[in-house]
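This is what each chain is made of:
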Amino acid sequence: MDVVTARQAIVNKEQAAIGYELLFRDRQTNSFSFGMDPYVATCKLIDQTHLNFGLSELSLGKRAFINFSEKCLLQDSPYLMSPKNIVVEVLESVRPTDAIFKKVKTLFKEGYTIALDDFVFNPKWQRFLPFVQIIKVDISQMPMDSISPFMNNLMASQKGRKTPLFFLAERIETETDFLQAKEVGFDYFQGYYFSRPEMYFYKDVDVSQFVLMALYEALFVPDINMDEIACFFRSDEALTYKLQTYLNSGLFDVDTMPLDIKQALDYVGKDKIRRLVSLLVTSQMAKSERQVTYRTGHTRVRTCKMLATSVAP
C-alpha cells in the first residue's frame, strides 16, 4: 500500500541538523489529519517507518524525534525502538501522573532521551525534570522577553543534575526569530526558517487482517503456544517482513539472523512480540475503510476459537 511520512529538521546554532522530527501524514496534504487519535498516529508512524525500511533511512542516521501520547507511554511503545535511534517527545497533552512519572524515569534509566514538547511550566512537572534532557518551547506562544527568565529559572532548579539540559525553540519562522532565540540561550531550533516538513512517499506491505486478528487472540492467552504463533507468522509474508525488520532495527544484539521464524520469536520473547503485534493491530486496523473488516474478522476469530474449544477442549 502507498503511505506517506513527513520529517522536519532540528538544527543547532550552526544550523547543522542534529535530528529530524517524524510527523504522521495520512493524506497527500502536508498536515496532520484533523481528528486523528495521537496514539493511533504514532502506532502507524512506527509501523510505516521503523517496521518497514527502518528509521535510519528517513532520519539520515540521526535521532528521530517521535511524539508519544499518554497511551503510547503507558503501553511502552518507545521500547519497540532502540534508545540510540529516537528521542521520546512527551506530548503537551500528557498528564503528569504517578504512572507517567514512573514510565519517564524508567525510560531515562534505560538510556532513552526524553523531551517535553511545547513545555509550559507547571509545578507538577518539577519532579520529571531530572529525567528530561530536552525542553521544547513554542516561541510563538511565549513573549521573547519572558523566555530568558523562564529558562534561567529552570536551569537554576536543576543545579547538580548529572546530564545536561538543552532547550529547543520551535516555530522559528524568520531570521529574526533565529537570532533572538540564539541570544536568549536556546541550543536547538526547529521551524519553517530552516525547512518545512518534507513529505516522503513509499510502499508498505499489507498484513492480512484475518491472520493479524487471529495472531492477536493467540498471543493474549495465559499459556501461549509459540509453535502456533510461528505458524501465523509463516502464513503471512508481510508479518515475516515486519519481524525481520524489527530484529534488524538495532534494538537487538543479533550477530547472525535466527535460522527460522520460531527461533526468531523465541529470541525476541513473548512480551516484545505482544507489544509488536498490539502496535500492528492498532496501525493496520485504524483505517476507517477497514472498520467493518475489523469487526467481522474479530467476530470470526472468536467464533472459530469457541468452536475449536467445544470440539477439542
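### Side note on the pattern of salt bridges
Taken as a whole and assessed by the stated rule, the structure comprises 13 salt bridges. Residue D266 is joined to K262 by a salt bridge in which the shortest nitrogen-to-oxygen separation is 2.9 Å. Here D266 and its partner K262 are both found in helix 10 (residues 261-268), four residues apart, which amounts to about one turn of the helix. Under the relative-accessibility criterion, D266 is labelled partly exposed at 44%. One salt-bridge network, held together by shared partners, links E21, E89, D117, K136 and E170.

### Some details on the environment of S82
Assignment of secondary structure puts S82 in the loop between helix 3 (70-74) and strand 4 (86-90). Once the C-alpha coordinates of S82 and Y112 are considered, the two residues, 30 residues apart in sequence, prove to be 8.1 Å apart.

### Looking at the packing of helix 8 (residues 226-234) against helix 9 (residues 237-247)
Packing of helix 8 against helix 9 leaves a shortest axis separation of 6 Å and a crossing angle of 110°. One way to sum up the angle between helix 8 and helix 9 is to call them roughly perpendicular. Across from F232, F233 and R234 in helix 8, the residues of helix 9 making contact are L239, T240 and L243. Here the residues of the contact of helix 8 with helix 9 sort into four nonpolar, one polar and one charged.

### Brief notes about the confidence of the model for the protein
Per-chain confidence: the protein averages 88 in pLDDT, with 87% of residues scoring 70 or above. Confidence over residues 288-296 falls short of pLDDT 50; this stretch has ten contacts with residues more than four positions distant or in other chains.

### A short note on the pairing of strand 7 (residues 166-170)
Strand 7 sits mainly inside the fold: four of its five residues count as buried. Note that strand 6 (residues 134-138) and strand 7 share five bridges and pair parallel. Looking at the pairing, V137 lines up with A169 of strand 7. Each parallel crossover has a hand, and the one from strand 6 via helix 5 (residues 144-156) to strand 7 is right-handed. Relative to strand 8 (residues 188-189), strand 7 is paired through two bridges, and the arrangement is parallel. Residue pairing in the sheet places A169 in a bridge with F189 of strand 8. Traced from strand 7 through helix 6 (residues 175-184) to strand 8, the parallel crossover comes out right-handed.

Cut-off values and rules
- The residue numbers shown here count from 1 along each chain, following its written sequence.
- For a predicted model such as this one, the threshold for reporting local features is a pLDDT of at least 70, and the threshold for listing and counting side-chain atom pairs is 80 or more; totals across whole chains, interfaces and linings nevertheless cover every residue.
- Side-chain measures here rest on the full set of heavy atoms in the structure, leaving out hydrogens and waters.
- By convention in these notes, a salt bridge is any Lys or Arg side-chain nitrogen within 4 Å of a carboxyl oxygen on Asp or Glu.
- Here a helix means four or more residues in a row that DSSP labels H or I, a strand means two or more in a row labelled E, and each is numbered from the N terminus.
- Residue exposure (1.4 Å probe, protein chains only): buried if accessible area is under 20% of the type maximum, exposed if over 50%, otherwise partly exposed.
- Lines fitted to the C-alpha atoms define the axes, with helices restricted to the stretch that makes contact. Angles between their N-to-C directions range from 0 to 180 degrees.
- An angle below 35 degrees is read as roughly parallel, one above 145 as roughly antiparallel, one from 65 to 115 as roughly perpendicular, and any other as oblique.
- We call two residues in contact when some of their heavy atoms are within 4.5 Å.
- Lys, Arg, Asp and Glu make up the charged group, whereas Ala, Val, Leu, Ile, Met, Phe, Trp, Tyr, Cys and Pro make up the nonpolar group; the residues left over, Gly among them, are polar.
- pLDDT measures how confident the predictor is about each residue, on a scale from 0 to 100.
- Pairs of strands are assigned from DSSP output, requiring at least two bridges between the strands.
- For crossovers, right-handed means that the path from the first strand over the helix to the second runs clockwise, given strands pointing away from the viewer.

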